[in-house]
Amino acid sequence: MFRYSQPPEVDEAATPTTTAASNGADDAVADQTPHSIRDRLRFKRNPNQATSPTASTSGRGAKSREDRAPSLRSRWHHHHGAGGGRRKSWLAFRGVYLFYFVVAFSVFAFAIASVLLQSSVTEMMFSTGWTEHRRSAGEGLRLGTTLRFVAGRRSRPLVEGQGLDRIRMQRVARVGLRAPKLAVILGNVKKNPQLLMLITLMKNLRNLGYALQIYAPKNGRAQSVLEQTGGQISILPNENYSHIDWSMFDGIIVDSLQGREVMSSLMQEPFCSIPVIWIIQEDALANRLPLYEEKGWTQLVSYWRSAFSRASVVVFPDFTLPMLYSVVDPGNFFVIPGSPVDVWAAEIYRKTHDKHQLRMNNGFDREDIVVLVVGSSFFYNELSWDYAVAMHSLGPLLVKYARRNDAEGSFKFVFLCGNSTDGDAIQEVASGLGLIQGSIRHYGLNGDVNSVLLMADIVLYGSSQDEQGFPPLIIRAMTFGIPVVTPEIPIMKKYVSDESHVLFFPKYDPEALMRTFSLLISDGSLSKLARTLSVSGRLYAKDMLASECVSGYAKLLENTLSFPSAGLLPASVDRLQQITWEWSLFGEEVGGEAADSNIKSLSVVQNLETEVQDLVTSTNTSEITTEIWESDALTKLDWDVLDEIDSSEEFENVELEQVEERMDKHPGVWDEIYRNARKAEKLKFETNERDEGELERTGQPVCIYEIYPGAGAWPFLHHGSLYRGLSLSTKARRSRSDDVDAVARLPLLNDTYYRDILCEMGGMFSIANKVDNIHKRPWIGFQSWRATGRKVSLSPKAERVLEEKIQRETVGDVIYFWTRLDMDYEATAGSVKLGFWSVCDLLNAGHCRTTFENAFRQMYSLPSHLEGLPPMPEDGGHWSALHSWAMPTPSFLEFIMFSRMFVDSLDSLQANSGLACTLSSSEVEEKHCYCRIAELLVNVWAYHSGRKMVYIDPETGIFEEQHSIEERKGAVMWSKYMNLTLLKSMDEDLAEAADDGDLLREKWLWPLTGEVHWQGIYERERVERYRQKMDKKRKNREKLVERNRIGYKQKPLWK
């Protein structure tokens, strides 16, 4: 989002106006060379002009229709600020004042002529939009206005958020099980300034306490550099990103446009809610957007807008890029200033070019003092007015140093603005001022800007606008070691210091400018102060924006991520010491692959364009074919001929079938017959019809149901006789499998609220509901899709061992589990292993014990003087997690009976409290309020009900008993609360209340979680069956009486 603002008035010169011109589509590759600054100076006019750095003398070129830029977005706001400027008196016209009036009048005439010349450009730019509903941004745009970036509706809360400051102010020591985890997806592993920024960011984020996992599509020269930063690197092709469990991470950082491949998997459940920060540092796509409008490729615009909308925030390193991408802005664009790209480009150019040789090539002598005047490069339409104001301030300076032959030294003033064809107006002003021929030159921004900067001895920043970002031209000038003179404007005072890095002068004050400029000149050459500023400015510019970049991303992460209850909080960015770009990791190899990143991004954009072109071509072909068919429509005579042909063919087929029936035929081998029958069944396969896996499960003793919430979890599911999918969403079922639809079996899951807060437990309730209709095996198991994503699912060897164990040992009640509660611990040196309830507290915002005790007490109606929290031993054994276990089917039904009542009690407490979820510390955890405590519930039930608990190593299949029953006998075991008789009586009491309509509360959860049965229902069903039987007998008796009354007798079949 952008906003117009109006700068203060300056003398009688007209205020600047703004427009923008985008880069042509054909310049995408040209922008990648390190000899151009076009990657930072986005808004230029006529970019197809000659790129030679020679001074321009030709007239202005006409604008072609292809060079017109698209209209800006309708979301830009008009804002006009008022400011006061310094005004001169019009009464004194004697001596030098008369001369100043002539200068001002000449500048004013030059500015008016330039604006008139560019009025057609402004009209072309704001006349059309991408769609009809977008209002042209040119409406109401007045002279003297500027465009400013304003955060959109989605990114604004991230700007205004306070991060973790409020939590840190509480000064409460936070205990966590793990550090916050981030996934970093790189577009390439090449040594370029984009990767330098990311490496600096990743190193500092790790120092703040983040754990990073780096993904890249292939190896590169910078892989060793990434390994030095301490990150784990996984090389995965783009198509394998769908096999990563993104739920393991608290956030994802995507680098460059090449990250679009991962967005397809992040748009599906269960990954839709994971925060994504997408960093865009290139303009490859922006250069193609005008082409999309020209060719009508609205599908591409919609695709990129949809891809960007999936990201929580799209971050750009400067304020020009979001304007270029404005047509695909879904409202989440954000700017964090800071990138080493300008310093990188200047270092490359300085190593490959000689300053004196450049000066000679452009007609400058070794003794000349070249003064380069630069201005705002943000909008071209502003340049004429910007330089008009600059010329007013520079008037006395030019008269002193460029008009007289007796000036100290030979001064050459170079103006860097516009295009190479815009120098005539400046030459006219120079002639009007009586300046020496050749003392003023002009170069365009569409040429080799680096050469112009490197030739200069002094750089004057002539713009007085309050820009949002530090000018990239000044960064490059400081990197080249050129002293800079700049007006005192806020953006300059924010980053650099007077007489330490640059020299300041009050804006709109020509006399102050002359005094400041004279400090850099001594005896016709650069003074000692100028050389000091050259060295200090060069050192400072090298890492000037690094600190703001890192701190900006650290603050953005705090505002974007939802830190889990079990996670540690990152440290404050204030703890970082003197943040600099990690130049040392790149050594002397800076610049080897600078242009590779933009080339790679361009290839990604072009590949997508090719796909769209193929789609459009196929669509057009089908439309042409349809038109041909319509023109060749059949007549009535044609249809009559076809009917006769069909009749004759049908008659012949009937005759052939009759002949074949009369002939003896060998039926063939049974195996071949069965194989052909199976092929026929597959050809007639219907959606969700039972597949071969269901047939193979017929003789299996156990079936493991894999619970999954969406299509994003499909790659983590197993196939075969042991597993069967259990979908928590009807729309997310796999089409070619016999997955169970949990929503169809339990209508409660139609309510997204309960489906979210119950998670996998809701799927278990659906299986237990009329279990005989779906599961007829002696054993039953469950496994979350996350077990496969975290590589803790059963291996083929462990599966075989488990099946053999179940078939061999049929005596005893046992539960087998293969995912441990402590698998995600990141224990530090000297740390003590936490107990069961301590871990549960960490997972549930510190309220697990209290909530469990209250729910347990209400469930059993325990008095206040009795303990309500079941004790769990701290014997160093393992506990089950992720709902990955197997047990006998009767034990499973008993567990579900206990779980239904416990979850209902938990829901009652939550409803009566009237507060948000007490078991959560973030919005994501609040959405899944009961999930974490329900995940651990099986451990409490199995331990206190006396079940044998056995851990299976998911890789080797080795069994290890946990919390042996002999040890439990000596401890306090609440077996009386887990007694099956007690649970059945409690279940019947609740069923009786539900059957009588005696609801315990308005939203009673228990009747909705499964079957409702008690003795009264059985009696009522028995009475109903008896009534139906008696009714049938009565009807039969009445029928016999009626037959006897009318004398009806059945006739004998034969006599």
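The structure contained in this document is the topic of the report that follows. The structure displayed is predicted, hence computed values, not measured ones.

### Topic: the sheet that holds strand β21 (residues 740-741)
The strand order across the open sheet built from eight strands is β21-β20-β19-β22-β24-β23-β25-β26, with neighbouring strands paired in mixed fashion. A single partner strand is all that each edge strand has here, and the edge strands are β21 and β26 (959-962). Both strand β20 (residues 723-727) and β21 contribute to a ladder of two bridges, which runs parallel. Along β21, the bridge assignment pairs Ser 727 with Asp 741.

### Side note on the sheet that holds strand β11 (residues 369-374)
With parallel pairing, the six strands of this open sheet are ordered in space as β13-β12-β11-β14-β15-β16. One side of each edge strand has no neighbouring strand; the edge strands of this open sheet are β13 (440-443) and β16 (503-505). The mean inter-strand angle of the sheet, taken between neighbouring strand axes irrespective of direction, is 25°. Note: β11 against strand β12 (residues 411-416), six bridges, orientation parallel. Its bridge partner being in β12, Ile 369 is matched across the sheet by Phe 411.

### So, a nonpolar patch on the surface
A surface patch of nonpolar side chains, amounting to about 470 Å² of accessible area, comprises Leu 637, Trp 639, Val 641, Leu 642 and Ile 645. With respect to the helices and strands, Trp 639 occurs in helix α21 (residues 636-662).

### Examining the state of the cysteines
Under the counting rule described, the total for this entry stands at three disulfides. Between Cys 840 and Cys 848 runs a disulfide, and the two sulfur atoms are separated by 1.8 Å. Taking the sign of the S-S torsion, 70° for the link of Cys 840 and Cys 848, the bridge is right-handed. Assessed through its relative accessible area of 0%, Cys 848 is described here as buried. Note on cysteine connectivity: Cys 917 is disulfide-linked to Cys 929, with sulfurs 1.9 Å apart. In this structure the cystine formed by Cys 917 and Cys 929 twists about its S-S bond by roughly 80°; its chirality is therefore right-handed. You can see Cys 917 sitting in the loop between α31 (889-913) and α32 (923-927) and its partner Cys 929 sitting in the loop between α32 and α33 (931-935), a full twelve residues away along the chain. Note on accessibility: Cys 917 and Cys 929 belong to one class, buried. When the cysteines engaged in disulfides are numbered in sequence order, the chain pairs them as 1-6, 2-3, 4-5.

So, how was this worked out
- Residues numbered from 1 in each chain as written.
- Predicted model: local features only at pLDDT ≥ 70, side-chain atom pairs only at ≥ 80, totals over all residues.
- Heavy atoms only, no water.
- Pairing = 2+ DSSP bridges.
- Helix = DSSP H or I, 4+ residues; strand = E, 2+ residues; numbered from the N terminus.
- Axes fitted to C-alpha atoms, helices over the stretch in contact; angles between N-to-C directions.
- Patch = residues over 30% accessible without salt bridge, like charges linked within 9 Å, V, L, I, M, F, W, Y side chains within 5 Å.
- Areas by Shrake-Rupley, 256 points an atom, 1.4 Å probe, with all protein chains shown as cover.
- Salt bridge = Lys/Arg side-chain N within 4 Å of Asp/Glu carboxyl O.
- Disulfide = S-S within 2.5 Å.
- Buried < 20%, exposed > 50% of the residue type's maximum accessible area, 1.4 Å probe, protein only.

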